[in-house]
Amino acid sequence: MANTTTKIHVIFGDGTLGVATDDVHYLFSYEKGGLESIVSHGKEWLYRPIRPIFWRATTDNDRGNHFSEESAMWLGADCFTRCQYIDVQVDGKDLGLPIAPQNNQFSNDETADQVDITFDFQTATTPATKVTMHYQIVANGTVTLTSHLQGNEALPELPAFGVQLIMPTVATGFEYDGLSGETYPDRMAGGSRGQYYVAGLPVTPYLVPQEMGMHMQTRWLTVTRQRTLNNADVDAQPFSFSVEMADQPFAFSCLPYTAMELEAATHVEELPLARRTILSVYGAVRGVGGIDSWGADVQPPYRLFADVDRTFTVQIHPGNHVAD
């Protein structure tokens, strides 16, 4: 029997790029500046487009040393960073931005072995700097996502640098290979390397909601859900989504709240009902300090100075587990 080669199906929309494999469909929005839909085996994984993030919620220690006030422009960048440039390559051929009418040259049956799409963002900071998110999709459905932040010494220290995936419903739990418990760059000594399962999306009941739930030195992570927003979908079988390190381990938090929701609540009862899964994947994150809560800064090795170029890469595997 002859071998069959799996190909990617590429759909050139007027304002979108569709990339489909046998089991996974990706939809990139030129208008929204990113990957806005991942449908694996009929299950949607994104509620909002994947975007770069620069903020983690303020802690009591941050309030004491005024870090968040001094670095507040990164909060604006977290909310309002703008996509300025998009480039599409199919099997190494640079197509620029193939919107209408340029996309009319393509049929409904375009295939490829590899698709690359790059989004360049300008941060809402003074001065502005550039963030690049590059997606590479291959025929087995794996996406390699590389994020790069261009350093600028005129900018204040960062709380974090990563990407955020907002999922449509609350996860039933997540499993990961990394350090046990809640860890931060300056709070790793108590963590033990291993594989761990966390049921649900636990929230630490701080009197004043703040940063929580970070997991450092992660090799892979699998998030599991059972519900979708499709009322016609009555399948109660769990389905999963995995993120795997490429060259270096990553940090992550998996919570029912965004940093903005945590930032806006002054007491626990002000937090909204849990409705989504907020998966934040970080290439770098600031430590939390703790020498005291009335002025002591985080030690220099655990601070993110803005003059450094930062790059990290992860692989996304919708619908399967990457453990072992």
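Residues numbered from 1 in each chain as written. Predicted model: local features only at pLDDT ≥ 70, side-chain atom pairs only at ≥ 80, totals over all residues. Heavy atoms only, no water.

In this structure, the amide linkage connecting Ala100 to the following residue, Pro101, adopts the cis form with an omega of 0°. The topology assignment puts Pro101 in the loop between strand E8 (93–96) and strand E9 (110–112). You will see that His41, though not glycine, has its phi angle at about 50°, which is positive. Relative to the assigned elements, His41 resides in the loop between strand E4 (34–40) and strand E5 (43–44). The backbone phi angle of Gln217 is positive, close to 55°, even though this residue is not glycine. Mapping Gln217 onto the fold places it in strand E16 (residues 215–218). What makes Gln217 partly exposed here is its relative accessible area of 33%. (Helix = DSSP H or I, 4+ residues; strand = E, 2+ residues; numbered from the N terminus. Buried < 20%, exposed > 50% of the residue type's maximum accessible area, 1.4 Å probe, protein only.)

Looking now at empty space enclosed by the protein. According to the stated counting rule, one finds 1 cavity of 30 Å³ or more in the structure shown. Taken as a whole, the largest cavity encloses approximately 90 Å³ of empty space. What lines the largest cavity is a set of 14 residues, among which Ser253, Leu255, Ala259, Ser280 and Tyr282 lie closest to the centre. In terms of residue count, the dominant contributor to the lining of the largest cavity is strand E20 (residues 277–285) (3 residues). (1 Å grid on protein atoms, 1.4 Å probe; cavity = no way out; pocket = protein on both sides within 12 Å on 5 of 7 lines; lining within 4 Å. Points joined across faces, edges and corners; volume = space filled by probe spheres on them.)

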